[in-house]
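Below, each chain spelled out in residue letters.
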Amino acid sequence: MAENEELQEEMSEGEARQKILVADDEASIRRILETRLKMVGYDVVVAEDGEEAVDVFNKTNPDLVVLDVMMPKMDGYGVTREIRRTSDVPIIILTALGDVSERITGLELGADDYVIKPFSPKELEARVKAVLRRTISKDVIIPAGSSAGAAAASGKGAKNVITTGCIKIDTARRQVYRKNERIRLTGMEFSLLELLVNNSGQAYSRNEILQHVWSYPADHRIDTRVVDVHISRLRSKLEADPTNPELILTARGIGYMFQRIN
């Protein structure tokens, strides 16, 4: 009860209630998650299959999606692909306990995190809270093609702009540019990049990254490949040659680091 009250107090300080789409073909799971998430202050919309999930997403514009992998009509992978065509909204996938490939595939398609079935509703609430905290920006998004966007890309008139080679990272607006072209990152991708860039030259282990970016406790057992997949996604977007990275480096025996910025 105390934990729920803490979540409600934290959300009451925000400007508006955040909306969550829960998509799962099991009515019992939809009902439990809808009830629990509403109790801690979120607005909740639901869908019972993949096609309905896409339709509800397009109509309601939620702040986060909780998405089961195995659904009729369109599976969670298909829904993730459809969402990622137009949106960087955070996605948490629900996946079976023993199927590692499901988790990896979902992450590779653009999911931000996953929760293994069967799960505790408290665990999901914690993951939702952590992902939203990391991915929801209060800043106004400035189109890359606008004059203000061009100024941010060039570093003129923009604060907190980090430049390395042809890459410019605007930490205030949570935007990244290659020359004058904006690179689309999900919220968790940007948070991971921000951690490494702000500590360039310092190597982080996968567990340390999970603690800093995903807010996993130090003793939480989690498949650290969630970090590897996000690093791979970042490299594919930022590196000239992702197979021979020059920005996001592998620190052998440790984890990852961003090249030292002088």
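Up top you'll find the structure we're talking about.
Residues numbered from 1 in each chain as written. Predicted model: local features only at pLDDT ≥ 70, side-chain atom pairs only at ≥ 80, totals over all residues. Heavy atoms only, no water.

## Section: the pattern of salt bridges
Keep this limit in mind: Any carboxyl oxygen of Asp or Glu that lies within 4 Å of a side-chain nitrogen of Lys or Arg is treated as forming a salt bridge with it. Runs of E in the DSSP output that reach at least two residues are strands. Runs of H or I that reach at least four are helices, and both are numbered from the N terminus.
Overall, the coordinates contain 18 salt bridges when judged by the stated rule. The partner of Arg17 in a salt bridge is Asp43, with the nearest N and O atoms 2.9 Å apart. Of this pair, Arg17 sits in the loop between α1 (2-12) and β1 (19-23) while Asp43 sits in strand β2 (residues 43-47), and the two are 26 residues apart along the sequence. Where Lys38 meets Glu34, a salt bridge forms, and the shortest distance between an N and an O atom there is 3.1 Å. Here Lys38 and its partner Glu34 are both found in helix α2 (residues 27-39), 4 residues apart, which amounts to about one turn of the helix. Among the charged side chains, a salt-bridge network with shared partners connects Asp24, Glu26, Asp68 and Lys117.

## What to know about the sheet that holds strand β8 (residues 175-178)
In plain terms, the rule: Paired strands are those between which DSSP finds at least two bridges. Orientation is described by lines fitted to C-alpha atoms, with helices fitted over the stretch in contact, and by angles between N-to-C directions that extend from 0 to 180 degrees. Residues are treated as being in contact if the distance between any of their heavy atoms lies within 4.5 Å.
Read across the open sheet, the 4 strands follow the order β6-β7-β8-β9; overall the sheet is antiparallel. Edge positions in the sheet fall to β6 (161-164) and β9 (181-183), since each has one partner strand and no second. Between one strand and the next, the sheet's axes are offset by a mean angle of 25 degrees, whatever the strand orientation. Judged from the 4 bridges that link them, strand β7 (residues 167-170) and β8 form a sheet pairing that is antiparallel. Each bridged residue has a counterpart across the sheet, and for Ile169 the counterpart in β8 is Val176. Lying over the sheet, helix α8 (residues 187-198) contacts β6, β7 and β8, oriented at roughly 105 degrees with respect to β7. Most of the contacts of helix α10 (residues 225-238) go to β8, to which it runs at about 40 degrees, and overall it touches β7, β8 and β9.

## Topic: the sheet that holds strand β10 (residues 204-205)
Overall, antiparallel pairing links the 3 strands, which are arranged β10-β12-β11 in an open sheet. Both outer strands of the open sheet, β10 and β11 (248-251), are each paired with one neighbouring strand and no more. Across 4 bridges, the pairing between β11 and strand β12 (residues 255-258) is antiparallel. For Ala251, the partnering residue across the bridge sits in β12 and is Gly255. Packing of α8 onto the sheet brings it into contact with β10, β11 and β12, and relative to β12 it is tilted by some 70 degrees. Across the sheet, α10 touches β11 and β12, and the angle it forms with β11 is around 145 degrees.

## What to know about helix α9 (residues 206-213)
Applied cut-off: Note on classification: 1.4 Å probe, protein chains only; a residue is buried when its accessible area is under 20% of the maximum for its type, exposed when over 50%, partly exposed between these limits. Throughout, the arc means the angular range of directions from the helix axis out to the C-beta atoms.
All buried positions along α9 are accounted for by Ile209, Leu210 and Val213. Take α9 and look down its axis: the buried residues cluster within an arc of 100 degrees, on one side only. In this structure, the buried residues of α9 make contact with α6 (121-135), α8, β10, α10 and β12. Ser215 lies just past α9 and shows a positive phi near 65 degrees.

## Some details on the environment of Pro245
Along the chain, the position of Pro245 falls in the loop between α10 and β11. Here Pro245 is in contact with Arg235 and Glu239, once residues within four sequence places are set aside.

## A closer look at α10
Residues spaced three or four apart along an α-helix point in a common direction, a consequence of the helix completing one turn every 3.6 residues. Quick note on the threshold: A helix is expected to reach a length of 1.5 Å times the quantity of its residues less one.
The end-to-end C-alpha distance of α10, which contains 14 residues, comes to 20 Å, matching closely the 20 Å that a straight helix rising 1.5 Å per residue would cover. Residues of α10 that are buried: Val226, Val227, Val229, His230, Ile231, Arg233, Leu234, Arg235 and Leu238.

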